Amino acid sequence: MSNVHPPYGGQPDPNVTPWSGPPAQPAGYPGYGQPGYGYPGQPPQFGAPLPPPQKSNRGLIIGLAAGAVVVVLAICGAGIGLALVGNDDDPAPIASGPASVGPSNGNPRPGTDTSAAPEPSESQEQPNNNNAVTARYSSDLSGVCDGSPILNAATYSGPSGAKAYTFANSIERPTFWSTKSVSSAKPYYAKSADFTSVSVVACLKVDEGSEGAPKKCDYKDNSGKQVTISYISSRYTMTFYAAKTAEKIGDGGTVNAPANRCPSFISYNKLTMKSYASPDSGTIEAALDKFLS
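Model, not experiment: these values are computed from the prediction.

Basis of the calculations
- Residues numbered from 1 in each chain as written.
- Predicted model: local features only at pLDDT ≥ 70, side-chain atom pairs only at ≥ 80, totals over all residues.
- Heavy atoms only, no water.
- Helix = DSSP H or I, 4+ residues; strand = E, 2+ residues; numbered from the N terminus.
- Buried < 20%, exposed > 50% of the residue type's maximum accessible area, 1.4 Å probe, protein only.
- Contact = heavy atoms within 4.5 Å.
- Disulfide = S-S within 2.5 Å.
- Pairing = 2+ DSSP bridges.
- Polar contact = N/O pair within 3.5 Å; in protein donor to acceptor, adjacent residues only side chain to side chain.
- Axes fitted to C-alpha atoms, helices over the stretch in contact; angles between N-to-C directions.
- Salt bridge = Lys/Arg side-chain N within 4 Å of Asp/Glu carboxyl O.

Q: Whenever I open this one, the overall build of the chain confuses me. Can you help?
A: Counting its secondary structure elements, the chain contains 2 helices and 10 strands. Scanning the chain from its N terminus toward the C terminus, one meets helices and strands in the order α-β-β-β-β-β-β-β-β-β-β-α. Sorting the 293 residues of the chain into buried and exposed places 24% on the buried side. Partitioning the intrachain contacts of the chain with sequence separation of at least 6 by distance along the chain shows that 60% fall at a separation of at least 24.

Right, here's the structure in full:
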């Protein structure tokens, strides 16, 4: 027989006698934190169960916070994108009307034009003439003699300081105008490269039926054969035109094409064996001196 010892070294319970078992307990579980003891061989009974742990809102709060951060970042990203678009160095052009100066404060208003009206170009100064052309070479100014204004010629504003070209046709080639040179010492002389500075064109047109008696001139052709050429005199009428408008601006009178002497070199028609004398250069310059002085 074993002795019953007080639990945990305490004093023996006077109400308990040996072999009488544990003291009576009220129905239910042992008190909280107090371990119960059963009979030998039985597992110890524990106190009342702990209440279930309360659900924590911590995860929900973290999730909401993370969502808010995402929204804020999205808004910031959109703002940064708009700022980058607004600060583009080369924005796409936007169609809008030109600005004009308002009558009150001088600030431009959209939709109106402040620029001065463009000055008319030289071609806009020309009359409606379907025969007007733009010269590319000095020889193109001969078109004035056929009634074609030269769009890029100088405007004639008077004889003083005017530059002039002279052209003449012939009996055999009435529609072809050849250049007649004048002395480079003349104030109206213009180089062929300076054709746009020319404002006056002098046209010498051969007078039909003015041919004189031919003068016989003997030459050797390129093969060394002896040939006789009929050298023929004639008369020309000289007329002055404004190069830019092809309008008549003066008369130069009559210019003779003498054939009293056979020239050192001659151009002739191989079929007719004829050659027509050129207008006298001295008479041409005298007429130009008079008109452009």
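Q: Would you mind showing me how to read the state of the cysteines here?
A: By definition, a disulfide is the covalent link that joins the sulfur atoms of two cysteine residues. This model, assessed by the stated rule, comprises 2 disulfides. Bridging C145 to C203, the disulfide has an S-S length of 1.9 Å. Between C145 and C203, the S-S dihedral sits near -90 degrees, and the bridge is therefore left-handed. In this pair, C145 is assigned in the loop between β2 (108-109) and β3 (163-168) and C203 in strand β5 (residues 198-206), connecting sequence segments 58 residues apart. Summarising the burial analysis for this pair, C145 and C203 share the class buried.

Q: Explain the sheet that holds β5 here, please?
A: Sheets are built from strands that pair by backbone hydrogen bonding, the pairs being arranged parallel or antiparallel. Judged by pairing direction, the sheet is mixed, and its 5 strands sit side by side in the order β4-β3-β5-β8-β9 without closing on themselves. A single partner strand is all that each edge strand has here, and the edge strands are β4 (178-179) and β9 (248-257). The sheet contact formed by strand β8 (residues 234-242) and β9 spans 8 bridges and is antiparallel. Following the sheet pairing, Y236 is matched in β9 by V255.

Q: I would appreciate a short explanation of the side chain of S148 in the present structure.
A: Among the secondary structure elements, S148 is positioned in the loop between β2 and β3. Of the residues examined, S148 reaches a relative accessible area of 14% and is grouped as buried. A distance of 3.2 Å separates the side chain of S148 from the backbone oxygen of N131, its partner in a polar contact. When residues no more than four places from it in sequence are discounted, the contact partners of S148 are N131, G143 and A246.

Q: Explain the pairing of strand β6 (residues 215-220) to me, please; I cannot follow it from the model alone.
A: On a regular strand, each side chain points to the face opposite its neighbour's, so the side chains alternate between the two faces of the sheet. With 6 bridges joining them, β6 and strand β7 (residues 226-232) adopt antiparallel strand pairing. Within β7, the residue paired with D218 across the bridge is T228. Where β6 folds back on β7, the antiparallel hairpin that results is connected by 5 residues, among which G224 adopts a positive phi of roughly 95 degrees.

Q: Any chance you could explain the sheet that holds β6 here in plain terms?
A: Spatially, β6-β7-β10 is the arrangement adopted by the 3 strands of the open sheet, whose pairing is mixed. Each edge of the open sheet is held by one strand with a lone partner, namely β6 and β10 (274-276). For this sheet the average axis-to-axis angle between neighbouring strands, irrespective of direction, equals 35 degrees.

Q: I keep staring at unusual backbone geometry and nothing clicks. Help me out?
A: Most peptide bonds take the trans form, and the phi angle of most residues other than glycine is negative. Although it is not a glycine, A246 adopts a positive phi angle of roughly 60 degrees. Relative to the helices and strands, A246 is located in the loop between β8 and β9. Given the relative accessible area of 15%, A246 is considered buried. With phi around 60 degrees, M273 is a residue other than glycine that occupies positive phi space.

Q: Got a minute to help me understand the pattern of salt bridges in this structure?
A: As a working rule, side chains carrying opposite charge can pair if their charged atoms are close by. On inspection of all chains with the given rule, the structure shows 2 salt bridges. D289 is the partner of K186 in a salt bridge, and the nearest nitrogen-oxygen pair spans 3.0 Å. Within this pair, whereas K186 is found in the loop between β4 and β5, its partner D289 is found in helix α2 (residues 281-291), the two being separated by 103 residues in sequence.

Q: I tried to follow the environment of S233 on my own but got confused; where do I start?
A: As for its position among the elements, S233 is in the loop between β7 and β8. If sequence neighbours within four positions are ignored, S233 has contacts with S210, E211, G212, A257, P258, A259 and A277.

Remember that the coordinates give geometry; whether it matters functionally is a separate question.
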